[in-house]
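Examination of the molecular architecture
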Amino acid sequence: MNFSHESPFVMFSTAHIVAVLIGGMLISCLFFMRRKWHYIEGYKQIEKSYALSLFIMEILYQTWLWKTNRWDMSYSLPLELCSISVILAIVLLWTESKYLYDFVFYAGMGGALQAIMTPDLELGFPHFRYFHFFYTHFGIIFTACYFTWYKGYLPTFKGIMKTLLLLNLLLPIVFMMNGLFDGNYMFLRAKPSGGSLLDYLGPYPWYLFSLEFVAFFLFLFFWVIFRLGTRNSVERQSKRQ
């Protein structure tokens, strides 16, 4: 990976579309291989190795920021929704804690999908930051899907409410940190300059309230789709037996 060459990232460019297509194909492979996974020896080690790879990518990112004099309290702390979700995904992969699953599934996957489709990213292919961004964001989605399709963790409506409650408890803390460090973590002080879903949710600060409804309906969509897909898969398997 190139740590030094810098080229600007362009939304919906070839590099962006290719990253989305590759990630989408890998998620499809994850889905179609779900019945064969437990026949693979050492899958527990694969889980922990994948968690370690996500951790290493985060360490490399922080190291790159420091080495290039980019590290700053206003934007380098792991206070973005996806940064928090990556950390929780790593812990989930390592511990299999069901308490972390709901947040990674709903908030993590929702935030990662939005970030992947409209990245707040300055540097593009072949820069390290490009690979870090898409690897970690797709890593959140892979982890959520893996625990649903492979480990038998099921999303619940109660999980939606718990995740929304946790997010609303987290927001005041992040808002306070933004004030202390003059930051814009979770875009609580301003919208991304490069364009995003937030552009359609009204001006500041009203888009913050609109996000509550968007998050609820997005989480509800995830719950319905994954529950329906899991139920249909179980029914087909029962008929074959």
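Residue indices follow the written sequence of each chain, beginning from 1 at its first position. Given that this is a predicted model, residues contribute local features only at a pLDDT of at least 70 and side-chain atom pairs are listed and counted only at 80 or more, while totals for whole chains, interfaces and linings are drawn from all residues. Only hydrogens and water are set aside; all other atoms, that is, all heavy atoms of the structure, feed into the side-chain values.

1. Some words on the pattern of salt bridges
The condition is simple: Here, a salt bridge means any side-chain nitrogen of Lys or Arg that lies within 4 Å of a carboxyl oxygen of Asp or Glu. Only runs of H or I of at least four residues qualify as helices and only runs of E of at least two qualify as strands under DSSP, and these elements are numbered from the N terminus. Throughout this description, buried means an accessible area under 20% of the type-specific maximum (1.4 Å probe, protein chains only), exposed means over 50%, and partly exposed covers the range between.
A full pass over the atoms with the stated rule returns five salt bridges. In this structure, Asp 102 and Lys 162 form a salt bridge, with 3.7 Å as the shortest nitrogen-oxygen distance. Taken together, the residues Asp 102 in helix α4 (residues 98–117) and Lys 162 in helix α6 (residues 157–181) connect sequence positions 60 residues apart. Using a relative accessible area of 9% as the deciding quantity, one classes Asp 102 as buried. Judged by relative accessible area, which is 40%, Lys 162 ranks as partly exposed. The salt bridge involving Arg 189 is made with Asp 182; its shortest N-O contact spans 3.3 Å. Judged by relative accessible area, which is 36%, Arg 189 ranks as partly exposed. Look at Asp 182 and you get exposed, because its relative accessible area is 57%. Here the salt bridges do not stand alone but share partners, grouping Lys 44, Glu 47, Glu 96 and Lys 151 into one network.

2. Points about a nonpolar patch on the surface
What counts is decided by this rule: Any residue with relative accessible area above 30% and no salt bridge may belong to a patch, with like charges joined within 9 Å and the nonpolar Val, Leu, Ile, Met, Phe, Trp and Tyr side chains within 5 Å. Note that accessible areas follow from Shrake-Rupley with a 1.4 Å probe, and for residues the cover is restricted to the protein chains shown.
A surface patch of nonpolar side chains, about 550 Å² in accessible area, is lined by Ile 17, Val 18, Leu 21, Ile 22, Met 25 and Leu 26. Within the fold, Leu 26 resides in helix α1 (residues 14–32).

3. Regarding the side chain of His 137
Going by this rule: Whether two residues are in contact is decided by their heavy atoms, any of which lying within 4.5 Å being enough.
Along the chain, His 137 falls in helix α5 (residues 128–149). Residue His 137 is classed as buried on the basis of its relative accessible area of 10%. In contact with His 137, not counting residues within four places along its chain, are Cys 82, Ala 112, Ala 115 and Ile 116.

4. Re the environment of Phe 105
Along the chain, the position of Phe 105 falls in helix α4. Given a relative accessible area of 0%, Phe 105 falls into the buried group. A sequence separation of 55 residues divides Phe 105 from Ile 160, and the C-alpha atoms of the two residues are 9.5 Å apart. If sequence neighbours within four positions are ignored, Phe 105 has contacts with Gly 110, Ala 144, Thr 148, Pro 155, Phe 222 and Phe 226.

5. With respect to the environment of Leu 228
Mapped onto the fold, Leu 228 is located in helix α7 (residues 206–240). Residue classification places Leu 228 among the partly exposed residues on the basis of a relative accessible area of 36%. Spatially, the C-alpha atom of Leu 228 lies 26 Å from that of Glu 47, the residues being 181 residues apart in sequence.

6. Examining the confidence of the model for the chain
Predicted coordinates in regions of low pLDDT should not be interpreted in detail. Which entries qualify depends on this criterion: Confidence of the predictor at the level of single residues is given by pLDDT, which spans 0 to 100.
In this model, the chain carries a mean pLDDT of 90, and residues with pLDDT of at least 70 account for 90%. Predicted confidence for residues 234–241 stays below pLDDT 50, and this span has three contacts to residues more than four positions away or in other chains.

7. A word on α5
Selection rule: A helix is expected to reach a length of 1.5 Å times the quantity of its residues less one.
The end-to-end C-alpha separation of α5 is 31 Å, in line with the 32 Å expected for 22 residues at 1.5 Å each. Most of α5 is tucked away: 19 of the 22 residues are buried.

8. Some remarks on the packing of α1 against α5
For clarity, the threshold we go by: Helix axes use the C-alpha atoms of the stretch in contact, all axes being lines fitted to C-alpha atoms, and the angles between their N-to-C directions lie in the range 0 to 180 degrees. We call two directions roughly parallel when the angle between them is under 35 degrees, roughly antiparallel when it is over 145, roughly perpendicular when it lies between 65 and 115, and oblique otherwise. Left-handed is the label given to a crossing in which the near helix is rotated counterclockwise from the far helix by less than a right angle, and right-handed is the label when the rotation is clockwise.
At a minimum axis separation of 10 Å, α1 and α5 run at an interaxial angle of 20 degrees. Relative to α5, α1 is oriented roughly parallel. The handedness of the crossing between α1 and α5 comes out as right-handed. On α5, the residues touching Ala 15, His 16, Ala 19, Val 20, Gly 23, Gly 24, Leu 26, Ile 27, Leu 30 and Phe 31 of α1 are Tyr 130, Phe 134, Phe 138, Ile 141, Phe 142, Cys 145, Tyr 146 and Trp 149.

9. Considerations on the packing of aromatic side chains
Spelled out, the test is: Aromatic pairs are defined between Phe, Tyr and Trp rings, using the six-membered ring for Trp, whenever the two ring centres lie within 6.5 Å; interplanar angles under 30 degrees are classed as stacked, those over 60 as edge-to-face, and all others as tilted.
If you walk through the whole model with that rule in mind, you get 28 aromatic pairs. Relative to Trp 149, the ring of Phe 31 lies with its centre 5.0 Å away and its plane at 70 degrees, an arrangement referred to as edge-to-face. A residue pair is termed long-range when its members are at least 10 positions apart, and Phe 31 in helix α1 and Trp 149 in helix α5 qualify at 118 residues. The partly exposed category is assigned to Trp 149, whose relative accessible area is 21%. Relative to Tyr 153, the ring of Tyr 101 lies with its centre 5.4 Å away and its plane at 70 degrees, an arrangement referred to as edge-to-face. Linking Tyr 101 in helix α4 with Tyr 153 in the loop between α5 and α6, this pair joins segments that are 52 residues apart in sequence.

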